[in-house]
Amino acid sequence: MSEKITIPSGLLNVIVAGYQIALNKTLGAGAAAMTQILIKEIGEYLEDLLEDIGFEIHDIKDLKEDIPKAFKMLGISDNVEVELPQNGSNTGDKYIIKIHDSIFKPVAVLLAKKGIKFSLSPESFLVAAIIRKTIRKVKKDAQVKIKIKPQSSPEEPLIIEVIVR
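Notes on the structure follow. Since this is a predicted model, take the numbers as computed values, not measurements.

Right, let's talk about the pattern of salt bridges for a bit. This structure, assessed with the given rule, holds five salt bridges. The partner of D66 in a salt bridge is K69, and the shortest N-O contact between them spans 3.5 Å. Residue D66 and its partner K69 are both found in helix α3 (residues 63–73); the two are separated by three residues, about one turn of the helix. Overall, the relative accessible area of 10% leaves D66 in the buried class. Among the charged side chains, a salt-bridge network with shared partners connects K94, K149 and E161.

Laid out in structure tokens, this is it:
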């Protein structure tokens with residue numbers, strides 16, 4: 001799984017967009033619910049895959065620093081902002097992640113123009129896995145819910161809200 005290969009970002013974006021469009025046509029409004037199920041079901045597998053490719057997810061200590069570091073290391077984005085919850089607790093909190101230059105940004109903009117909610121955002125799966133792993137060090141049964149704000153132009157950042165319960 002950790003073999004280093006190069007895939008043109010345009011091809012990767014076409015694949016992601018294709019899955020999102022198919023999911024939306026198949027499930028309609030239920031597509032967003034499918035994403036929450038995926039996050040729950042594949043979260044631990046994603047954590048293992050991240051470890052396989054050299055991102056030591058179990059070593060995460062500071063989400064504000066480590067999430068941008070993960071995006072940069074994986075070649076997804078060089079400009080990520082993380083807003084931590086105001087109250088500092090580990091549950092019922094909202095984390096806001098703003099991704100300004102993701103390689104998947106063209107998919108988000110295209111889908112927004114077509115009126116399709118971008119619920120299968122690869123960025124959101126990565127963020128959810130990192131936050132979930134970190135929070136579960138304190139609360140073993142913590143669940144995360146993802147909400148992605150629609151993007152209408154390339155100038156806007158992709159905004160991902162992660163709610164921890």
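The subject of this paragraph is a positive patch on the surface. A cluster of basic side chains, namely K117, K145, K147 and R165, defines a positive patch on the protein surface. Mapped onto the secondary structure, K147 falls in strand β3 (residues 144–148). Exposure remark for K147: the relative accessible area of 42% places this residue in the partly exposed category.

Glancing now at the environment of E65. Structurally, the position occupied by E65 is in helix α3. Exposure remark for E65: the relative accessible area of 55% places this residue in the exposed category. C-alpha of E65 to C-alpha of V80: the two residues are 15 residues apart in sequence and 9.5 Å apart in space.

Moving on: the pairing of strand β4 (residues 158–164). In terms of residue burial, β4 counts as a mostly covered element, since five of its seven residues are buried. Two strands pair when backbone bridges link them, and strand β2 (residues 93–99) and β4 are joined in this way by seven bridges, in the antiparallel orientation. What sits directly across from D93, in β4, is V164.

Reading across the sheet, the four strands line up as β1-β2-β4-β3 and stay open at both edges, with antiparallel pairing between neighbours. Unpaired on one side and paired on the other, β1 (80–83) and β3 mark the two borders of the sheet. The average angle at which neighbouring strand axes cross in this sheet is 20 degrees, direction not considered.

Moving on: the packing of helix α1 (residues 9–27) against helix α4 (residues 105–113). In contact at an axis separation of 9 Å, α1 and α4 are set at 35 degrees when each is read in the N-to-C sense. With respect to the hand of their crossing, α1 and α4 are arranged in right-handed fashion. Residue-level contacts link N13, V16, A17, Q20 and I21 of α1 to P106, V107, L110 and L111 of α4. Across the contact of α1 with α4, the residue classes break down as seven nonpolar, two polar and no charged.

Only one face of β3 is covered, namely the one carrying V144, I146 and I148; the face carrying K145 and K147 has none of its residues buried. The pairing of β3 with β4 spans five bridges and is antiparallel. In the strand pairing of β4, K147 is matched with E161.

Moving on, we come to α4. Inspection of α4 places K105, V107, A108, V109 and L111 among the buried residues, and these make up the whole buried set. Its buried side turned inward, α4 meets α1, α5 (122–135) and β4. One or two residues past the end of α4 sits G115, with phi positive at roughly 75 degrees.

What follows is about the nonpolar core. By size, the foremost hydrophobic cluster in this structure holds 43 residues, and its most contacted members are I67, I97, I130, I131, I160 and V162. Sorting elements by how many residues they give to this core places α5 first, with eight residues. Once residues lying within four places of it in the same chain are set aside, the contact partners of I131 are L63, I67, Y95, I97, V144, V162 and V164.

Quick notes on the rules
Residues numbered from 1 in each chain as written. Predicted model: local features only at pLDDT ≥ 70, side-chain atom pairs only at ≥ 80, totals over all residues. Heavy atoms only, no water. Salt bridge = Lys/Arg side-chain N within 4 Å of Asp/Glu carboxyl O. Helix = DSSP H or I, 4+ residues; strand = E, 2+ residues; numbered from the N terminus. Buried < 20%, exposed > 50% of the residue type's maximum accessible area, 1.4 Å probe, protein only. Patch = residues over 30% accessible without salt bridge, like charges linked within 9 Å, V, L, I, M, F, W, Y side chains within 5 Å. Areas by Shrake-Rupley, 256 points an atom, 1.4 Å probe, with all protein chains shown as cover. Lys, Arg positive; Asp, Glu negative; His and termini not counted. Charge placed at Lys NZ, Arg CZ, Asp CG, Glu CD. Pairing = 2+ DSSP bridges. Axes fitted to C-alpha atoms, helices over the stretch in contact; angles between N-to-C directions. Left-handed = near helix turned anticlockwise from the far one by under 90°. Contact = heavy atoms within 4.5 Å. Nonpolar A, V, L, I, M, F, W, Y, C, P; charged D, E, K, R; others polar. Core = buried A, V, L, I, M, F, W, Y, C linked by side-chain atoms within 4.5 Å.

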